[in-house]
Amino acid sequence: MAAVAESSGMARIKWIQLLRPSGVFDAGAELWSLLSPRSESLGLGKVFPGVVGVVASATSSWNFVPLASSPLQWCLPQCCCSAYEDKFFENRTSDVGKLELLQDLRSFMVKKENIGFEMRQISRLAEFGVSLRIHSIENAEQQEEVNEAKLIHKTHIQKLMLEWGIDRPNKDPAKEDHALESLQPHCNLLELHIGGHGGATCPSWLGSNLSVKALESLCLVDVAWNNFPPLGELLFVSELGEEHPSGIPSQSFQNLKELKLVKVSRLKKWVGISTCRLVSLLEVLIIKDCFELVELPFSGCESVQEAYVTWFPRLQKLEIMDCPKLLALPPVPWTSAPCSVKIARVGSGFEQLIYSKNCRSESSLEVTGKEGGHDSTFWNIFEPQISPRSCKIEEITTDDHTGFLAAPICSLLSSSLTKLYLKAGANDEVERFSTEQEDALQLLSSLQELEFYSFRKLQCLPAGLRRISSLKTLRIENCQAFRSLPKDGLPYSLQYLGITCPALKSLPKEGLPSSLQDLVIRECPALKSLPEDGLPSSLRKLDIRYGNSKELMWQCHKLKGTIPIIQF
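Residues numbered from 1 in each chain as written. Predicted model: local features only at pLDDT ≥ 70, side-chain atom pairs only at ≥ 80, totals over all residues. Heavy atoms only, no water.

Peer 1: How should I be thinking about the overall build of the chain in this particular structure?
Peer 2: Of the regular secondary structure elements, the chain holds twelve helices and 29 strands. The buried share of the chain, reckoned over its 568 residues, is 51%. Across the chain, the fraction of contacts at a sequence separation of at least 24, relative to all contacts at a separation of at least 6, is 58%. Carbon together with sulfur atoms contributes 48% to the accessible area of the chain, which is approximately 25900 Å² in total. (Helix = DSSP H or I, 4+ residues; strand = E, 2+ residues; numbered from the N terminus. Buried < 20%, exposed > 50% of the residue type's maximum accessible area, 1.4 Å probe, protein only. Contact = heavy atoms within 4.5 Å. Areas by Shrake-Rupley, 256 points an atom, 1.4 Å probe, with all protein chains shown as cover.)

Peer 1: Can you walk me through the packing of aromatic side chains in this structure?
Peer 2: The way to describe two aromatic rings as a pair is by their centre distance and the angle between their planes. Tallied over the entire structure, the rule returns five aromatic pairs. Here the aromatic residues Trp225, Phe228 and Phe236 are joined through ring pairs into a cluster of three or more. (Phe/Tyr/Trp six-rings, centres within 6.5 Å; stacked < 30°, edge-to-face > 60°.)

Peer 1: Can you help me understand the nonpolar core in this one?
Peer 2: For soluble globular proteins, nonpolar side chains are generally found buried alongside one another. Leu206 and Phe404 are the most contacted members of the largest nonpolar core, which totals 117 residues. With four residues, strand S19 (residues 339-346) is the largest single contributor of residues to this core. Ignoring any residue separated from it by four or fewer positions in sequence, one finds phenylalanine 404 in contact with Trp379, Ile396, Thr398, Ile409, Cys410, Leu413, Leu417, Leu420 and Leu444. (Core = buried A, V, L, I, M, F, W, Y, C linked by side-chain atoms within 4.5 Å.)

Peer 1: Explanation requested: the environment of leucine 490 in the structure shown.
Peer 2: Residue position: leucine 490 is located in the loop between strand S25 (473-477) and strand S26 (496-500). Distance in space between the C-alpha atoms of leucine 490 and leucine 465 is 6.5 Å, their sequence separation being 25 residues.

Peer 1: Could you clarify how one ought to interpret the pattern of salt bridges in this entry?
Peer 2: Enumeration over the complete set of coordinates arrives at 13 salt bridges. The salt bridge partner of lysine 288 is glutamate 319, with a shortest N-O separation of 3.7 Å. You can see lysine 288 sitting in strand S17 (residues 284-288) and its partner glutamate 319 sitting in strand S18 (residues 317-323), a full 31 residues away along the chain. The shortest N-O distance in the salt bridge between lysine 317 and glutamate 319 comes to 3.7 Å. One salt-bridge network, held together by shared partners, links Lys288, Lys317 and Glu319. (Salt bridge = Lys/Arg side-chain N within 4 Å of Asp/Glu carboxyl O.)

Peer 1: So what exactly am I meant to see when it comes to helix H7 (residues 173-182) here?
Peer 2: Because each turn of an α-helix spans 3.6 residues, side chains separated by three or four positions in sequence point in the same direction. Inspection of H7 places Glu176, Asp177, Ala179 and Leu180 among the buried residues, and these make up the whole buried set. Axial view of H7: buried residues confined to an arc of 165°, hence all on one face. Elements that come into contact with the buried residues of H7 comprise helix H6 (143-147), strand S10 (159-163) and strand S11 (191-195). (Arc of directions from axis to C-beta.)

Peer 1: Please explain the pairing of strand S20 (residues 350-357) as it appears in this structure.
Peer 2: For a regular strand, side chains alternate in direction, first toward one face of the sheet and then toward the other. In the sheet, S19 pairs with S20 via six bridges, with the strands oriented antiparallel. Counted as the bridge partner of lysine 342 is isoleucine 354 from S20. Taken together, the seven bridges between S20 and strand S21 (residues 363-369) define a ladder with antiparallel strand orientation. When the sheet's bridge partners are listed, glutamine 352 is paired in S21 with threonine 368. (Pairing = 2+ DSSP bridges.)

Peer 1: Honestly, the side chain of serine 538 in this entry has me stumped. Any pointers?
Peer 2: Locating serine 538 in the fold gives a position in the loop between strand S27 (518-521) and strand S28 (541-543). Serine 538 gets classed as buried once you look at its relative accessible area, which sits at 17%.

Peer 1: What exactly am I supposed to notice about helix H11 (residues 435-442) here?
Peer 2: Listed in full, the buried residues belonging to H11 are Gln437, Glu438, Ala440 and Leu441. Down the axis of H11, the buried set is contained in an arc of 160°. They therefore lie on one face. The elements touched by buried residues of H11 are helix H9 (401-404), helix H10 (407-412), strand S23 (419-423) and strand S24 (449-453).

Peer 1: What am I meant to see in unusual backbone geometry here?
Peer 2: What is expected of a backbone is that most residues other than glycine have negative phi and most peptide bonds are trans. The backbone of arginine 345 sits at a positive phi, close to 55°, despite the residue not being glycine. With respect to the helices, strands and loops of the structure, arginine 345 is situated in strand S19. Among the residues examined, arginine 345 registers a relative accessible area of 34% and is labelled partly exposed. Although it is not a glycine, tyrosine 546 sits at a positive phi angle of roughly 75°. Tracing the backbone through its elements, the reader meets tyrosine 546 in the loop between S28 and helix H12 (550-557).

In structure tokens:
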């Protein structure tokens with residue numbers, strides 16, 4: 001061991017040792033050159049080949065610092081404080097228990113053969129950092145070894161991840177139940193992740209004798225427990241198809257804000273949470289790959305107010321994915337706070353729903369239907385249980401124009417919707433919009449931007465489009481059969497018109513609206529001429545690049561000098 005003089009930036013460091021995989025040697029005077037200010041950009045790994053770390057002492061405790069592979073990434077004055085490299089600890093060191101202070105050890109792989117650590121070594125460390133991941137727990141051969149980890153005494157840990165290997169061929173449920181029960185953390189833990197546990201029961205410290213009541217985040221992945229933490233009334237299904245309830249009404253989390261349930265294979269229903277404190281606090285709810293799930297707490301709610309005021313008043317993020325039996329879905333939270341929703345590959349008639357509202361109160365909704373067709377009853381979420389004042393969706397993208405273009409839906413959105421993007425569905429054969437759909441579209445009195453995209457057989461726009469006096473932008477993109485613009489003209493408010501339609505043969509004879517400022521015509525080889533009355537004097541930009549006829553290009557060339565910007 002070599003004494004090192006104190007230098008600027010290193011006032012706490014008094015003793016230094018360098019470690020090689022094969023042992024320890026004194027650095028002596030050679031190390032001092034590395035501590036001088038002029039060598040701060042020089043890494044120890046370059047000067048001492050094979051050196052893997054530094055042990056530094058400020059008092060009687062020790063810090064272990066592994067060196068990064070790049071000689072320029074670390075130098076001693078920057079790194080004598082904590083441990084950083086997960087892979088180093090997993091694969092190279094078996095004596096971590098001899099070091100008493102490891103503030104940022106993030107990943108601890110349970111030893112198998114000569115790789116990883118023994119669980120008992122954790123107990124010998126006097127202090128951890130805020131986050132610890134223990135994985136490959138199935139490698140622990142003896143229950144006594146797990147018992148000696150004594151995580152309950154590691155009070156500095158705020159986030160704990162306990163993981164067993166996924167898709168293991170052999171599981172010992174009784175052994176893994178005992179292991180998880182023994183890995184009880186301290187009562188003030190804030191975040192807990194349990195993954196791949198092959199046991200049949202939830203540990204008592206997370207269930208019947210709940211000790212981690214201060215949890216703010218709970219994530220359960222790939223567990224098949226028969227009983228569960230106190231999350232309300234849950235219904236599970238056994239391997240034989242038998243249903244049994246699980247609930248702990250006497251216990252409750254005090255501050256749970258985030259809940260993630262992933263691959264909880266036996267979960268069938270989650271109901272009866274009205275008396276659970278969870279409902280008033282939860283901000284993030286993520287449910288994925290629960291293949292038996294058919295009901296959620298707010299699946300049967302008749303209104304948005306009931307679901308998000310009575311049940312989850314603070315919910316800001318909701319993700320439900322790959323739950324194929326889940327038919328009844330919660331209404332999207334039209335809250336005043338920023339929020340986001342993603343629902344995909346569930347039992348409903350749509351493939352994906354994405355909703356978002358940012359801090360500027362800008363909200364959008366995207367709905368994509370399944371290839372087999374749409375279940376237009378989805379749009380009933382806009383039905384009169386939501387008052388027009390509370391329904392403030394500003395942007396909608398959907399390939400379900402049939403379900404959306406209905407008078408009840410459009411009337412509720414009339415004062416808020418400003419952008420509407422209609423896309424053709426996979427099996428879309430629409431040639432014309434029905435009279436009812438045309439009338440519904442005209443109810444959108446605040447609409448400013450409208451797009452029709454990839455309608456293969458659509459021949460014309462909805463009649464009465466000019467009556468939408470707020471419309472400023474209109475795009476008709478990749479509509480192969482589209483032949484002409486409305487005979488009764490376009491809205492007088494229109495400022496931007498974009499057309500990409502190979503079958504389009506003419507523009508309106510009466511000309512385009514006098515408000516138009518930008519005109520984009522692309523991939524329209526059948527269009528040979530401009531309107532007979534010419535282009536409006538308000539036009540500031542004409543873009544005719546890509547795929548247009550020579551006749552049209554020649555006419556536009558003659559307009560040079562009359563329009564500020566022409567792009568050929």
